[in-house]
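# Per-entry structural report
Residue strings, one per chain:
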Amino acid sequence: MNRHVVRMLSMVALAILLAPGVSSAQRASILTGSHNLSASGPGTIRAATEQEVCIFCHTPHNASEIQPLWNRGAPVSAYRVYSSSSLRAAPGQPTGSSKLCLSCHDGTIALGSVVSRDQPIGMVGGMTTLPPGASNLGTDLSDDHPISFRYDATLAGQARDIKDPSSLPPAVKLDANRELQCTSCHDAHDDSRGKFLVMDNADSQLCESCHQKGQTDVSGHRQCESCHQPHSAPSGPYLLKKQTVGQSCLSCHDGGVGQNGPNIAADLDKFSRHDTNSPVDQPDHIPNEATCNDCHEPHTMRAMATPAPGVPGNFGRIDGVTAAGVATPTARFGYEVCFKCHGDRAATAPRVSRRITQSNTRLQFSPTAVSFHPVEAAGRNSDVPSLRPGYTTASVIGCDDCHNSDTGAKAGGAGPNGVHGSREPGLLVARYETTDHTSESAAAYALCYRCHERSSILADQSFRRHRKHVSGEQAPCSTCHDGHGISSAQGTVVNNAHLINFDTSIVGPDPVTRRLEYISKGPRAGTCYLTCHGKRHSPLSY
């Protein structure tokens, strides 16, 4: 068979495809797709004069030893291959059909360089290789979907988010060695679905042929291609469309025109915020730095409200650290997600200087702690007359009841809830002054007054000198109280009841007894040894 016969057969095939009565699906072939590099091809990348279609990949005579009748040289195996901590397989250098695809798509061999011709086929504009972009993958495949790895039941058993290959649809094929190759997703001869895909990827059905990432009812998270791209991904192994997780999320959550996600970007620009500039695929962040997927598992997020202490629906099936300090792949309580960073990890600088220093909130909120706000469990104090309607001594609150956006719904605003950012120090939902000599007002201690009635506090219903201290002496609430709690390893029920843990920048030892302590004397009674605002308590009882 000579070149004229090949050309004739190509023209006959084209005539059949364009004939009346042939459906568009039937017409889809190498002739109508961008892989037709002949001079009659539909794309901008095509030959200057060459009319043969198949010759760019195949030849009936003088073919290379590679099947099927391959007309191109094999690229050198010098690729940087995909690697990720989440991948259980170990891809090696490309093999099989993937190596054939790369003979054009790695940019190392000229498009017109075929083994059946002595001279390369000339291309329009003098083009030699594919131009930079999505089609030219280069020799660095670390930012591309992994290929040339064995996909079998053993791998599926090791990775819970990978389906057993026995369930693959007929269109998704593995090679004779049970390896996943480029051809598992792409059919080089059929571009009827776009990107030469072997099946329609509407609703991510092609992606979900292999991947089982969980279910979400958040519409924007249902399409894999909303966040991911399989080739030349800026994020590298995460295959995200942006360089970092945070940037990828903000593609939809930046409040831009046409975006239907909540405007998280506005909160991330505030004074106090969770930082989302961490590099992806980095398990350990520097102190005070986090990224969106530390708290959210985007593939399993739910658009639902969950009362404390449950995991918020928009957290998804996220990992955490239990109250016992044990890592768990699926958190059951909201505070377990917070404990990943605010539990046993390296301490950060405290906002308030305390008599007892403790940055491990897991220990502070423990039901065995001396005194605690009811995050892990309901409080043990049955006498709290200042609680506002809706709260009782049996109530449990979430971390986000205090730490939240100052413009979100929980703060009475129109913005999104969440611990993304706040104008208040400590990422608090409302103002909480810790500066000495602060004039008491509903605004100054708005955080405390969200749960505690201001009128009750100033009426001394729970402590008969509250008004004198907070209003008369202008001592902030934090002078005496530690908002999280006091662990049992450091405090006692005698010295640290009622969240008593003095701010040592305001309160000092009594110069007479050299003591700095509070002693509980029973319900609403106690004794203090200290100096505050120049006044000695040597001791002072109430």
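Residues numbered from 1 in each chain as written. Predicted model: local features only at pLDDT ≥ 70, side-chain atom pairs only at ≥ 80, totals over all residues. Heavy atoms only, no water.

## Some remarks on the overall build of the protein
- Each helix and strand in the protein was counted, giving 10 helices and 12 strands.
- What you see for the protein is a C-alpha radius of gyration of 33 Å, clearly larger than the 24 Å of a compact globule of 542 residues, by over 25%.
- Considering only C-alpha atoms, the protein reaches an extent of 110 × 40 × 40 Å along its principal axes.
- Burial statistics for the protein: of 542 residues in total, 40% are counted as buried.
- Put simply, 51% of the contacts in the protein that link residues at least 6 apart link residues at least 24 apart.
- Of the accessible surface of the protein, which amounts to about 27,600 Å², a share of 55% is contributed by carbon and sulfur atoms.
- In the protein, 48 positive and 49 negative side-chain charges are present, and the distance between their average locations comes to 6 Å. (Helix = DSSP H or I, 4+ residues; strand = E, 2+ residues; numbered from the N terminus. Rg over C-alpha atoms; globule rule 2.2 N^0.38 Å. Buried < 20%, exposed > 50% of the residue type's maximum accessible area, 1.4 Å probe, protein only. Contact = heavy atoms within 4.5 Å. Areas by Shrake-Rupley, 256 points an atom, 1.4 Å probe, with all protein chains shown as cover. Lys, Arg positive; Asp, Glu negative; His and termini not counted. Charge placed at Lys NZ, Arg CZ, Asp CG, Glu CD.)

## Some remarks on the environment of His481
- Tracing the sequence through the fold places His481 in the loop between α10 (466–472) and β8 (485–486).
- Spatially, the C-alpha atom of His481 lies 15 Å from that of Gly508, the residues being 27 residues apart in sequence.
- Of the polar contacts made by the side chain of His481, one reaches the backbone oxygen of His498; its length is 2.9 Å. (Polar contact = N/O pair within 3.5 Å; in protein donor to acceptor, adjacent residues only side chain to side chain.)

## Describing the pattern of salt bridges
- Tallied over the entire structure, the rule returns 23 salt bridges.
- A salt bridge links Glu517 to Arg515; the nearest nitrogen and oxygen atoms lie 2.4 Å apart.
- Residue classification places Arg515 among the partly exposed positions, given a relative accessible area of 30%. (Salt bridge = Lys/Arg side-chain N within 4 Å of Asp/Glu carboxyl O.)

## Things to note about helix α7 (residues 334–342)
- Residues of α7 that are buried include every one of Gly334, Tyr335, Glu336, Val337, Phe339 and Lys340, and no others.
- Against the buried residues of α7 lie β4 (320–321), β5 (327–328) and α8 (361–364).

## Quick look at helix α3 (residues 96–105)
- The complete set of buried residues in α3 reads Ser98, Lys99, Leu100, Leu102, Ser103 and Cys104.
- Following α3 by one or two positions, Gly107 adopts a phi angle in the positive range, close to 75 degrees.

## Regarding the packing of aromatic side chains
- Scanning the model with the defined rule gives three aromatic pairs in all.
- Geometrically, the ring pair formed by Tyr335 and Phe339 is tilted, given 5.4 Å between the ring centres and 45 degrees between the ring planes. A residue pair is termed a helical-turn pair when its members lie 3 or 4 positions apart in one helix, as Tyr335 and Phe339 do in helix α7 at four residues.
- Residues Phe463 and Tyr542 carry aromatic rings whose centres are separated by 4.5 Å and whose planes lie at 70 degrees to one another, so their mutual orientation is edge-to-face. Here Tyr542 lies in the segment after β12 (535–541) and Phe463 lies in the loop between α9 (454–458) and α10, a separation of 79 residues in the sequence.
- Relative accessible area serves as the criterion here: at 17%, Phe463 is assigned to the buried category. (Phe/Tyr/Trp six-rings, centres within 6.5 Å; stacked < 30°, edge-to-face > 60°.)

## Side note on the confidence of the model for the protein
- Averaged over all residues, the pLDDT of the protein is 90; the fraction at 70 or higher stands at 92%.
- Across residues 1–27, where pLDDT falls below 50, the model places 26 contacts with residues more than four positions away in sequence or in other chains. (pLDDT = per-residue confidence, 0-100.)

## As for the pairing of strand β11 (residues 526–532)
- Most of β11 is tucked away, with seven of its seven residues classed as buried.
- Side-chain alternation along β11 places Gly526, Cys528, Leu530 and Cys532 on one buried face and Thr527, Tyr529 and Thr531 on a second face that is also buried.
- Pairing between strand β10 (residues 517–520) and β11: four bridges, direction antiparallel. Residue pairing for β11: Glu517 is matched across the bridge by Tyr529.
- Remark: five residues form the turn of the hairpin made by β10 and β11, two consecutive strands paired antiparallel; Gly522 in that turn has positive phi of roughly 110 degrees.
- Between β11 and the antiparallel strand that follows it, β12, lie two residues; His533 among them carries a positive phi value of about 55 degrees. (Pairing = 2+ DSSP bridges.)

## A word on the side chain of Thr216
- You can see Thr216 is positioned in the loop between β2 (179–180) and α5 (245–250).
- For Thr216, the side chain forms a polar contact with the main-chain nitrogen of Val218, separated by 3.1 Å.
- Looking at Thr216, its side chain comes within polar contact range of the main-chain oxygen of Met301, at 2.6 Å.
- Apart from residues lying up to four places away in sequence, Thr216 is in contact with His221, Arg222, Pro298, His299, Thr300 and Met301.

## As for the environment of Ser64
- Relative to the helices and strands, Ser64 is located in the loop between α2 (24–27) and α3.
- For Ser64 and Cys341, which are 277 residues apart along the polypeptide, the C-alpha to C-alpha distance reads 58 Å.
- Excluding residues within four positions of it along the chain, Ser64 makes contact with Trp70, Arg72 and Val115.

## Brief notes about the nonpolar core
- Formed by 15 residues in total, the largest nonpolar core has its most connected members in Phe149, Tyr151, Leu168, Val172, Leu180 and Leu206.
- Discounting chain neighbours no more than four positions away, the residues touching Leu180 are His145, Pro146, Ile147, Ser148, Phe149, Tyr151, Leu174 and Cys210. (Core = buried A, V, L, I, M, F, W, Y, C linked by side-chain atoms within 4.5 Å.)

## Examining the side chain of Glu179
- Relative to the helices and strands, Glu179 is located in strand β2.
- Look at Glu179: it is buried, it has no salt bridge, and the nearest opposite charge is Arg150 at 6.8 Å.
- Within the structure, the side chain of Glu179 is placed 2.8 Å from the side chain of Thr95, a separation counted as a polar contact.
- Side-chain polar atoms of Glu179 contact the side chain of Gln181, separated by 3.2 Å.
- In this view, Glu179 contacts Thr95, Ser148, Phe149, Arg150, Tyr151, Leu174 and Ser184; residues no more than four positions away in its chain are not counted.

## Here's the deal with the environment of Met123
- In this fold, Met123 is placed in the loop between α3 and β1 (149–150).
- As for Met123 and Thr59, which are separated by 64 residues in sequence, their C-alpha atoms are 19 Å apart.
- Setting aside its immediate chain neighbours within four residues, Met123 contacts Leu37, Ile45, Arg46, Ala47, Ala48, Phe56 and Leu111.

## Examining unusual backbone geometry
- Ala308 connects to Pro309 through a cis peptide bond whose omega is 10 degrees.
- Omega for the bond connecting Ser538 with Pro539 falls within 30 degrees of zero, at 5 degrees, which places this linkage in the cis form.
- Relative to the assigned elements, Pro539 resides in strand β12.
- A positive phi angle, close to 55 degrees, is found at His533, a residue other than glycine.
- Tracing the chain through its elements places His533 in the loop between β11 and β12.

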